[in-house]
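Residue-level listing of the chains:
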Amino acid sequence: MTRSAFAHVDGVLHAERVSAVSLAERFGTPLYVYSRAALTDAWQAYAGACAGRRASVHVAVKANSNLAVLNVFARMNAGFDIVSGGELARVLAAGGKAENTVFSGVGKSAAEMRDALVAGVKCFNVESIPELDRLNEVAGSIGKRAPVSLRVNPDVDAKTHPYISTGLKSNKFGVAFDDARATYRAAAAMRHLEVIGIDCHIGSQITEVAPYLDAVDRLLELVAQIEADGATVRHIDVGGGLGITYDNETPPDIGVFVRTVLDRIDARGHGHREVYFEPGRSLVGNAGILLTRVEFLKPGAEKNFVIVDAAMNDLARPAMYEAYHAIEPVVMRSAPQQVYDVVGPVCESGDWLGRDRALAVEPGDLLAVRSAGAYGFVMSSNYNTRPRAAEVMVDGDKVHLVRAREDVQQLFAGEARLPD
Ligand SMILES: *Cc1c(COP(=O)(O)O)cnc(C)c1O
């Protein structure tokens, strides 16, 4: 996907046609910067590959839930994949439609189910019998039938980081493959549920197509059994998880990935069913960067540190998954490089953004942390009472502030001292 939305022009990093230096000066740092063109290109890679096929794409909201980002997709008639009632509210506020939204997640509350039923979501992706029972009861209490799919755990190895692999037997997600047929029978017997599909989601940052084809084959085995038992499977939802290039990974091109999956389903004689995709990272990951300013250089006995004004509370992925993000100077210097760990001001040794990076930097310089559009701002916190960063969207030579920087007063506005 488009990394070229962020490129150096005459030695200065630009977001589309806007200099990152001017963005940092105008909005301060740390600052998330998104490119509308990059979001649009990634969406069109999916939509283009689905054109003329029975397939639809649901943007996984949890990867980046900023209203402007969701609105860019909603304007292109995207569907959405949500994992909470809060995300449903965001989709609706961003101009998305409930009838194009699927509701995933392992622990939906009765209140979330009720709100989603009233809004009219397209499908509930259910993960257990107790969840089926609860949904049946909630639907009955408001006189509705809930459309359901079961998230089946196909027990395939997506060969990714253990924290982001979700399709193995040992994961908390999905109905075990061996229990799936019986669980479908249970669902079909519930009066206020209507079985309409089957789904899976095997992990994240997957850089090969093969695990998807294995998962599809497993799901199709079940589809025959489910229909033999009398239910109808109108759609097959293959989940999200396609990887992006952070460093030197070589994930399949989005179009190739989509067509390979659709062709497999066709070839197995299931081309009459609709296929759903639920991409998150591959739509937004390389459409965003995090700008940060160097506070200090701190030479050490074993390591040299660049201390920047962004921290693990702004971008948790390195601390949480030891994830790699490319880090580069916004303005290139010709001075010799040194090797540094790039770290934030938070009081944790886990507070780092990059390790062993060759950089030519001085205090006050701006750095760009690349590929920060997915699981970046959405995972940020107020740890150390740090206000969360601002977010801007660049569109050609225009810039829109799409989330104001928090101020400290906001952070404890809901708190109270004890009475005197
Ligand atoms: C997180 C998630 C996705 C999106 O995953 P990516 O790796 O960001 O593509 C899709 N579907 C479900 C059910 C998810 O939990």
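Residues numbered from 1 in each chain as written. Predicted model: local features only at pLDDT ≥ 70, side-chain atom pairs only at ≥ 80, totals over all residues. Heavy atoms only, no water.

For the protein chain, the name recorded in an unreviewed UniProt entry is Diaminopimelate decarboxylase, with Paraburkholderia solisilvae as its organism. Regarding the protein chain, the relevant UniProt record gives this comment under Sequence similarities (unreviewed entry): "Belongs to the Orn/Lys/Arg decarboxylase class-II family. LysA subfamily." UniProt, in the comment section headed Catalytic activity (unreviewed entry), describes the protein chain in these words: "meso-2,6-diaminopimelate + H(+) = L-lysine + CO2". (UniProt positions renumbered as here; feature names shortened; annotations may be inferred.)

### Section: the overall build of the protein chain
When you go through the protein chain residue by residue, the secondary structure sums to 12 helices and 21 strands. Over its C-alpha atoms the protein chain spans a radius of gyration of 23 Å, differing by no more than 12% from the 22 Å that the globule rule assigns to 420 residues. Dimensions of the protein chain along its principal axes, counting C-alpha atoms only, are 70 × 65 × 45 Å. Burial statistics for the protein chain: of 420 residues in total, 55% are counted as buried. Long-range pairs, those at least 24 residues apart, make up 70% of the contacts in the protein chain with a sequence separation of at least 6. Element-wise, carbon and sulfur atoms account for 49% of the exposed surface of the protein chain, whose accessible area totals about 17,700 Å². Each charge sign in the protein chain was given a centre, from 44 positive and 52 negative side chains, and these centres are 4 Å apart. (Helix = DSSP H or I, 4+ residues; strand = E, 2+ residues; numbered from the N terminus. Rg over C-alpha atoms; globule rule 2.2 N^0.38 Å. Buried < 20%, exposed > 50% of the residue type's maximum accessible area, 1.4 Å probe, protein only. Contact = heavy atoms within 4.5 Å. Areas by Shrake-Rupley, 256 points an atom, 1.4 Å probe, with all protein chains shown as cover. Lys, Arg positive; Asp, Glu negative; His and termini not counted. Charge placed at Lys NZ, Arg CZ, Asp CG, Glu CD.)

### Quick word on the sheet that holds strand 1 (residues 6–9)
Spatial ordering of the open sheet is given by 1-2-3, a layout of 3 strands whose pairing is antiparallel. Of all strands in the sheet, those bounded by a partner on one side alone are strand 1 and strand 3 (18–19). Across 2 bridges, strand 2 (residues 12–15) lies against strand 3 in antiparallel orientation. Looking at the pairing, His14 lines up with Ser19 of strand 3. (Pairing = 2+ DSSP bridges.)

### Side note on helix 5 (residues 110–119)
For an α-helix, 3.6 residues make a turn, and residues three or four places apart therefore share a direction. Inspection of helix 5 places Met113, Ala116 and Leu117 among the buried residues, and these make up the whole buried set. Buried residues of helix 5, viewed axially, fall in a sector of 100 degrees; they line one side. Exposed residues pointing more than 90 degrees away from the buried face of helix 5 are listed as Asp115 and Val118. Close packing links the buried residues of helix 5 with helix 4 (85–93), strand 7 (101–103), strand 8 (123–126), helix 6 (129–141) and strand 9 (146–153). (Arc of directions from axis to C-beta.)

### Here we look at the site of the ligand
Around the ligand, the surrounding shell holds 14 residues, and the nearest of these are Lys62, Ser204, Gly241, Glu278 and Tyr375. Contacts to the ligand include Lys62, whose side-chain N or O atom sits 2.7 Å from an oxygen atom. Within the contact set of the ligand, an oxygen atom lies 2.7 Å away from a backbone nitrogen or oxygen of Gly241. In the complex, the protein chains occlude 93% of the 390 Å² of accessible area that the ligand would expose alone. Across the shell around the ligand, the residue classes tally to 3 nonpolar, 6 polar and 5 charged. (Near = heavy atom within 4 Å. Polar contact = N/O pair within 3.5 Å; in protein donor to acceptor, adjacent residues only side chain to side chain. Nonpolar A, V, L, I, M, F, W, Y, C, P; charged D, E, K, R; others polar.)

### Section: the state of the cysteines
Enumeration according to the criterion identifies 0 disulfides in this entry. With no disulfide of its own, Cys123 lies closest to Cys200 among cysteine sulfurs, the gap being 13 Å. On the basis of relative accessibility, which here comes to 0%, the residue Cys123 falls in the buried class. (Disulfide = S-S within 2.5 Å.)

### Quick look at the nonpolar core
Within the largest apolar cluster, 121 residues are counted, with the highest numbers of intra-cluster contacts made by Leu23, Val33, Phe73, Phe124, Ile198, Phe277 and Leu291. Considering each element in turn, this core owes the most residues, 9 residues, to helix 8 (residues 210–228). Of the domains in this structure, domain 1 (2–35 + 285–411) and domain 2 (105–277) are the two that each give at least three residues to this core. Once residues lying within four places of it in the same chain are set aside, the contact partners of Phe73 are Leu39, Trp43, Val59, Ala78, Phe80, Leu283 and Val284. (Core = buried A, V, L, I, M, F, W, Y, C linked by side-chain atoms within 4.5 Å. Domains from an automatic or database assignment.)

### Brief notes about the packing of aromatic side chains
Scanning all chains against the criterion turns up 6 aromatic pairs. Note on Trp43 and Phe73: the rings are 6.1 Å apart at their centroids and 55 degrees apart in plane angle, and the pair reads as tilted. Of this pair, Trp43 sits in helix 2 (residues 36–50) while Phe73 sits in helix 3 (residues 67–75), placing them 30 residues apart in sequence. This pair shows no difference in class: Trp43 is buried, exactly as Phe73 is. Consider the rings of Phe103 and Phe124, whose centres lie 5.9 Å apart with planes at 35 degrees: the pair is tilted. With a gap of 21 residues between them, Phe103 in strand 7 and Phe124 in strand 8 connect regions that are remote in the sequence. Between the NZ or CZ atom of Arg218 and the centre of the ring of Phe177, over which it lies, the distance is 3.8 Å. (Phe/Tyr/Trp six-rings, centres within 6.5 Å; stacked < 30°, edge-to-face > 60°. Lys NZ or Arg CZ within 6 Å of the ring centre and 35° of its normal.)

### As for the packing of helix 2 against helix 9 (residues 254–267)
Relative to each other, helix 2 and helix 9 sit at 30 degrees, their axes nearing to 8 Å. On the basis of their axis angle, the class for helix 2 and helix 9 is roughly parallel. The interaxial crossing formed by helix 2 with helix 9 has right-handed handedness. Facing Ala42, Ala45, Tyr46, Ala49 and Cys50 of helix 2, the residues of helix 9 in contact are Ile254, Gly255, Phe257, Val258, Arg259 and Leu262. (Axes fitted to C-alpha atoms, helices over the stretch in contact; angles between N-to-C directions. Parallel < 35°, antiparallel > 145°, perpendicular 65-115°, else oblique. Left-handed = near helix turned anticlockwise from the far one by under 90°.)

### A few points about helix 7 (residues 180–188)
Among the residues making up helix 7, those that are buried are Ala180, Thr183, Tyr184 and Ala187. The arc that holds the buried residues of helix 7, viewed along the axis, is 105 degrees, so those residues lie on one side. Of the surrounding secondary structure, the elements contacted by the buried residues of helix 7 are helix 6, strand 9, strand 10 (175–176), strand 11 (193–199) and helix 8.

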